[in-house]
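Below, each chain spelled out in residue letters.
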Amino acid sequence: MPDYFEFEVSLLHANPRIWRRFLLRKAATFFDLHKAIQDVCGWENCHLFEFCIGDRRGETIAGMPDEEIDEPVPDAKNVKLAAFFEPSGPDRCLYLYDFGDGWEHDVQLRGAVSLDESFRRRLVAGQRAFPPEDCGSYPGYERCVRVARGEESGVDELDGVDLKRWMGDWNPEFFDLKAVKKSFDR
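Scope of this entry: the structure provided in the associated data block. Just so we're clear, the structure is a prediction, and the values are computed from it rather than from any experiment.

### Topic: the nonpolar core
Membership of the largest hydrophobic core comes to 46 residues, with the highest contact counts inside it found for Phe-7, Phe-22, Phe-30, Leu-33 and Phe-51. If one sorts the elements of this core by residue count, helix 1 (residues 30-41) sits on top with six residues.

Here it is, written out as structure tokens:
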């Protein structure tokens, strides 16, 4: 029987909560977890990332190696999830994405399951839309929410950018589980 980890990933500092729950095979790496989070958030995987114990200054578990950073980061492609999320080990870590915008995610291991069927990953549940990529961190996300609700025009007087046009049909309250499962499940 194939074994899977069940993860719940929540975007920190967002209220109401934005989250996704999915299954990922136990043999996966932290890079596989990163890719799963990117895909389930609707993001484009175009920034650095790392997984840490504790807060932003915590111990790095794995990430994307970067020659410009002084301290080497263990390559997420080489660090197995099972090496960290062992039976008597931690049940959560912090996922940092886009060091400029500084998105922080709580990654919680909800448990391990064995199923008769075999797959790489499967989306189980979630609520609300993750922020648009490169929207400007939490203040930019909050502005996107106000614009989507019609509480603000979204036209930036300094550079003339129309935020509403840039966001397209993004709706902070909408999460289409069925549609995302189609592209996420493998």
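### A short note on the sheet that holds strand 6 (residues 103-114)
Reading across the sheet, the seven strands line up as 4-3-5-6-1-2-7 and stay open at both edges, with antiparallel pairing between neighbours. Looking at strand neighbours, the two that pair on one side only are strand 4 (59-63) and strand 7 (121-127), the edges of this open sheet. The average undirected angle you get between the axes of adjacent strands in this sheet is 25°. Across the sheet, helix 1 lies against strand 1 (3-11), strand 2 (19-25), strand 3 (49-53), strand 4, strand 5 (92-97), strand 6 and strand 7, angled at about 145° from strand 2, the strand it touches most.

### Observations concerning the packing of aromatic side chains
For the coordinates displayed, the defined rule picks out 20 aromatic pairs. One Lys or Arg, Arg-20, reaches over the ring of Phe-175 and ends 3.6 Å from the middle of that ring. One cation-aromatic arrangement involves Arg-122 over Phe-119; the distance from NZ or CZ to the ring centre is 4.0 Å.

### A short note on the state of the cysteines
With the rule as written, the count across this model stands at zero disulfides. No disulfide involves Cys-46; its sulfur sits 12 Å from that of Cys-135, the nearest cysteine. Accessibility expressed as a relative area gives 42% for Cys-46, which makes it partly exposed. Looking at Cys-52, it has no disulfide partner, and the nearest cysteine sulfur is the one in Cys-93, 8.3 Å off. The buried category is assigned to Cys-52, whose relative accessible area is 0%.

### Details of unusual backbone geometry
Each neighbour pair has its own omega, and for Asn-15 with Pro-16 the value is 5°, a cis peptide bond. Assignment of secondary structure puts Pro-16 in the loop between strand 1 and strand 2. Residues other than glycine seldom take positive phi values, yet Arg-128 does so here, at roughly 65°. Within the secondary structure layout, Arg-128 lies in the loop between strand 7 and helix 3 (137-148).

### Digging into the side chain of Glu-6
For Glu-6, the location among the structural elements is in strand 1. Classification of Glu-6 by relative accessible area gives buried; the value is 17%. If we skip the residues at most four places from it in the chain, Glu-6 touches Arg-21, Phe-22, Leu-23, Gln-108, Leu-109, Arg-110 and Gly-111.

### Quick notes on the pairing of strand 5
Looking along a regular strand, one sees the side chains alternate between the two faces of the sheet. Of all six residues that make up strand 5, five are buried, and the element is covered over most of its length. The pairing of strand 5 with strand 6 spans six bridges and is antiparallel. The residue of strand 6 that forms the bridge with Leu-96 is Glu-104. With antiparallel pairing between neighbouring strands as the criterion, strand 5 and strand 6 make up a hairpin whose turn holds five residues, including Asp-98 at a positive phi of roughly 60°.

### Details of helix 1
Between its first and last C-alpha, helix 1 extends 16 Å over twelve residues, near the 16 Å set by a 1.5 Å rise per residue. Among the residues making up helix 1, those that are buried are Phe-30, Leu-33, His-34, Ala-36, Ile-37, Gln-38, Val-40 and Cys-41. Where helix 1 begins, the side chain of Thr-29 points an oxygen toward the backbone nitrogen of Phe-31, at a separation of 3.2 Å. Gly-42, located one to two residues past helix 1, shows a positive phi value of around 80°.

About the thresholds
- Residues numbered from 1 in each chain as written.
- Predicted model: local features only at pLDDT ≥ 70, side-chain atom pairs only at ≥ 80, totals over all residues.
- Heavy atoms only, no water.
- Core = buried A, V, L, I, M, F, W, Y, C linked by side-chain atoms within 4.5 Å.
- Buried < 20%, exposed > 50% of the residue type's maximum accessible area, 1.4 Å probe, protein only.
- Helix = DSSP H or I, 4+ residues; strand = E, 2+ residues; numbered from the N terminus.
- Pairing = 2+ DSSP bridges.
- Axes fitted to C-alpha atoms, helices over the stretch in contact; angles between N-to-C directions.
- Contact = heavy atoms within 4.5 Å.
- Phe/Tyr/Trp six-rings, centres within 6.5 Å; stacked < 30°, edge-to-face > 60°.
- Lys NZ or Arg CZ within 6 Å of the ring centre and 35° of its normal.
- Disulfide = S-S within 2.5 Å.
- Expected span 1.5 Å × (residues − 1).
- Polar contact = N/O pair within 3.5 Å; in protein donor to acceptor, adjacent residues only side chain to side chain.

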